[in-house]
Amino acid sequence: QGSQLTLCSIAARPSAAEHEGERRSKRGEGRGRGNPYSERITRRIGHPACCQMPHTGCGMCIFVLLRSAAAYLPGLENPLQEATDDAFIGDRPLYEYTTQCTKGPCAPGNDACADTTIASSRLSSVAYHLRDTHGCIENDPNGPVFDPVHGVFHHFFQLHVAYDDGRGPIYGHLVSRDLIHWAQMPTAIWNGLDASVSPQRTTPYDTVAIYTGSAVVVPGAAPDGKGDGVVQIYPGLCDAAVWPDCKSGTLLAQAVPAAYAADPLLTNWSKPKYNPIVENTQRDPSSPWRTPSGEWRLRTYDSMVYGAASDADLLAGKWYTIGKNFDFEQAECPSLYPLPPPTPGFDVALDAATRRSTAAATTTTTISPSSSSSTFPAFLPSSNTAATAAVASFTAAAALPTHVHKTSHSGDWWQVGNYEAPSARVLGSFKPANGWEDLFTQRKMDQGHFYASKDSEFPTRSGERRRVNWGWATVPMGLQSLPREITFNAVTRTLEQAPIEELVDLRGPAAFSAHDFKIAQMDTEIVLTVPPGVAEQCEVVVSIAMPTSPTTIRLAAVSADPDHPRTECSIDYSAPNATDLSYYEVPVACSSSRVYRDVLRIATSEKSMSLLSKRHCASSSAPMHGTTSCSTGSCLKQSYSSKSKVWLCHAWMCMFTHIVFSECCAQIRVHFSPFWPRSSRSPA
């Protein structure tokens, strides 16, 4: 599962007796200190090559193992729980690290990690991304949601602290009113404890950890019992020693705002006494969706589908098993949602397809293309005139697909098809849509260190609806990715994603602007020299008319530091051979510490493209853990490393570099050279 895992292999699975002995030893000898299994565990995960990452020791390797390799070890009944049992950071067991906070054992009111070195280095290097501000390890986003009662956006995430004898993670919590300015809240959901009441109430069914959950907005969940309100559904990890019905190690439970009307930031979350809602299941419940019959459904990691007959039953925790749907691939962090609104600038094509859908098919959900949000006005991927012209070459005459199914396994993937749920308690199906069969093949959402993404329906600034996706940026210590709006482009026949429109507010005034460069011949390079001290973070947008002959276009950010001379991205552009196609693809690549390759899908109607380069620099000696935002049009995919990141966008390509020194924006170079497509590659 990537180069990091090759450094840290997992040994053969220990026997059940070993695990049971280890667990008893932990309880009897003070959380495992000196227990006889420590040597085996250290050999297993504490490989020296795994411990060369700054600040974190083996932390990053551990969590790559937890979320990637351990999930697929054969024979493990609950692989993530057992892997967590065996995890070490340096010479300290992970469960010991996560249970000790700044004021002693972690508990409500004491959820900041004790390692201030980690906290200070992270805070100095992360500019725009959400992250735990207390120095703790984090990973998956959990149940992002907009609360319609108080008008607040909530973002939860896997926070690696734990209460009492647990191992974590639990539910970290951040809030915002505008998706730009955020505040960290106290931990929302603790393992083994309902902290919303006094005295605090123990919850014996989830004492081990709170894993990745999902949110849903349900009619009747508001304080008045009528309006829409928020419910969180999470997988609790149980311990058979304190919860005898714990056989699979995992169950599902619900959490709701404890004092909804009086608590606008939803600081306190209550675990209703009807919990757990499903026992002996698997992790990663999806956000529930409602079928035409009024039944709510969700799926878990193992493709099992559960149902609640009505809004009232969901709010009462009354869930039942419908069965395993083999149309849903077994995978982590799954999601099923209606086809999103159209990519801005391509509304006409989707409107035409929607009219065909209305006339030709009956679907199980209502698609409203008119509810699309606007994106960055200065960076629309094409004009409305070009989009209208694209309809002439838009050849898909079939009804639109109805749903997107997203999964996480060796990266995050999505596919588009038709979902049908004929009646309550009947599984239904997810199949390719007629005329859109190519969209049913899974496509990778992101080519880089991005995993376990969660999506939700958020309002736009103008009150319309949009689908927004967050991911776990799997850099050391973990970060939350920037939020991305997902749209559907009927012309290029693909889902697209772009940083949300709010992020444009983070831009400062332009330091340099020039127009109407003429490229008289190939092997031409345009060099922009940036005066010293102008910027430690910079963003460069280069807009280029589509070349008339095959051309390689390179955008390089060049530093003043010889150890970090340049990072560049390139497009090997050649025009399509056929004129009756609605789109074509060109190879793209970005290189820094490694090379990322993909293809860029471009509508034949487009007359220009843009490349965006952003460098995020720091003058400290701390390594960069964070990334910044590509605030542009409709991006398809992203590549990411510790020093560079590229958004591969619809008629856009954006490059990001993250170098640790000042003056890293010393030069920007744009180079044009001949390119020979493979079909007619010159020997020269």
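The structure reproduced in this document is the subject of the present report. (Residues numbered from 1 in each chain as written. Predicted model: local features only at pLDDT ≥ 70, side-chain atom pairs only at ≥ 80, totals over all residues. Heavy atoms only, no water.)

Quick look at the environment of E525
Cut-off, in case you're wondering: A run of DSSP states H or I qualifies as a helix once it reaches four residues; a run of E qualifies as a strand once it reaches two. Both are numbered from the N-terminal end. Here, residues are in contact when the closest pair of their heavy atoms is within 4.5 Å.
Position of E525 among the secondary structure elements: in strand β30 (residues 524–529). The spatial distance from the C-alpha of E525 to the C-alpha of H671 is 4.2 Å, given a sequence separation of 146 residues. Leaving out residues up to four positions away in the same chain, E525 has contacts with R669, V670 and H671.

Brief notes about the pairing of strand β22 (residues 412–420)
Stated precisely, the cut-off is as follows: Any two strands with at least two DSSP bridges between them are considered paired.
In this structure, strand β21 (residues 403–408) lies alongside β22, joined through 6 bridges in antiparallel fashion. Looking at the pairing, K406 lines up with W414 of β22. As consecutive antiparallel partners, β21 and β22 are separated by 3 residues, and within that stretch S410 has a phi angle of approximately 55 degrees, a positive value. For β22 and strand β23 (residues 429–431), the ladder comprises 3 bridges, and the chain directions are antiparallel. By the bridge assignment for β23, E420 is matched with S429.

Comments concerning the packing of aromatic side chains
The test is simple: Pairing of aromatic side chains here covers Phe, Tyr and the six-membered ring of Trp, requires ring centres within 6.5 Å, and sorts the geometry by plane angle: under 30 degrees stacked, over 60 edge-to-face, intermediate tilted. Each residue is placed in one exposure class: buried if its accessible area under a 1.4 Å probe, protein chains only, is under 20% of its type's maximum, exposed if it is over 50%, and partly exposed if it falls in between. In this scheme, the term charge over a ring applies when either NZ of a lysine or CZ of an arginine sits within 6 Å of the ring centre and within 35 degrees of the ring normal.
A complete count under the given rule lists 13 aromatic pairs for this structure. Between W289 and F328 the ring centres are 6.2 Å apart and the planes differ by 85 degrees, which places this aromatic pair in the edge-to-face class. Of this pair, W289 sits in strand β16 (residues 289–290) while F328 sits in the loop between β19 (320–324) and β20 (332–338), placing them 39 residues apart in sequence. Comparing W289 with F328 shows no difference in burial state: the two are buried. Geometrically, the ring pair formed by W289 and Y419 is edge-to-face, given 5.7 Å between the ring centres and 90 degrees between the ring planes. Here W289 is found in strand β16, whereas its partner Y419 is found in strand β22, with 130 residues between them in sequence. W289 gets classed as buried once you look at its relative accessible area, which sits at 9%. One cation-aromatic arrangement involves R283 over Y301; the distance from NZ or CZ to the ring centre is 4.0 Å. Taking NZ or CZ as reference, R425 lies 3.6 Å from the ring centre of Y320, over its face.

Details of the sheet that holds β19
With antiparallel pairing, the 4 strands of this open sheet are ordered in space as β16-β17-β18-β19. Both edges of this open sheet fall to β16 and β19, since each of them pairs with a single strand only.

Describing the nonpolar core
A general tendency of soluble globular proteins is for nonpolar side chains to be buried together. Filter applied, for reference: As used here, the term nonpolar core means buried Ala, Val, Leu, Ile, Met, Phe, Trp, Tyr and Cys residues forming a set that is joined through side-chain atoms within 4.5 Å.
Counting 40 residues, the largest nonpolar core has V161, Y171, I189, Y234, W269 and F458 as the members making the most contacts within it. Elements that contribute at least two residues to this core include exactly β5 (138–147), β6 (152–159), β7 (170–176), β8 (183–189), β13 (228–237), β14 (250–257) and β26 (465–473). Considering every element that reaches this core, the biggest residue donor is β6, with 4 residues. Excluding residues that lie within four positions of it along the chain, I189 makes contacts with I170, Y171, I210, Q232, Y234, A255, W269 and K271.

Regarding the pattern of salt bridges
Put simply, the rule is: The salt bridge criterion pairs a side-chain nitrogen of Lys or Arg with a carboxyl oxygen of Asp or Glu, the two atoms within 4 Å.
Within the structure shown, the criterion is met by 16 salt bridges. With a shortest N-O distance of 2.7 Å, R297 and E295 are connected by a salt bridge. Both residues of the pair, R297 and E295, belong to the buried class. When the shortest N-O distance is used, the salt bridge between D455 and R467 registers 2.9 Å. Placement of D455 in strand β25 (residues 450–459) and of R467 in strand β26 is noted, with a sequence separation of 12 residues between them. For the pair D455 and R467, one class covers both residues: buried. Salt bridges sharing partners connect three or more residues here, namely R283, D284 and E332.

Section: the state of the cysteines
For clarity, the cut-off: Cysteine sulfur atoms that come within 2.5 Å of each other are treated as a disulfide pair.
For the coordinates displayed, the defined rule picks out 3 disulfides. At a sulfur-sulfur separation of 2.0 Å, the disulfide partner of C101 is C106. Taking the torsion about the sulfur-sulfur bond, which here is approximately 95 degrees, the covalent link between C101 and C106 counts as right-handed. Pair check on accessibility: C101 and C106 agree, each one buried.

Remarks on unusual backbone geometry
Residue P199 follows S198 across a cis peptide bond; omega there is 0 degrees. The linkage connecting N275 with the following residue, P276, adopts the cis geometry, with an omega of -5 degrees. Notably, L179 is not glycine yet its phi reads approximately 65 degrees, a positive angle. With respect to the helices and strands, L179 occurs in the loop between β7 and β8. Even without being glycine, S410 reaches a positive phi, approximately 55 degrees. Relative to the assigned elements, S410 resides in the loop between β21 and β22.

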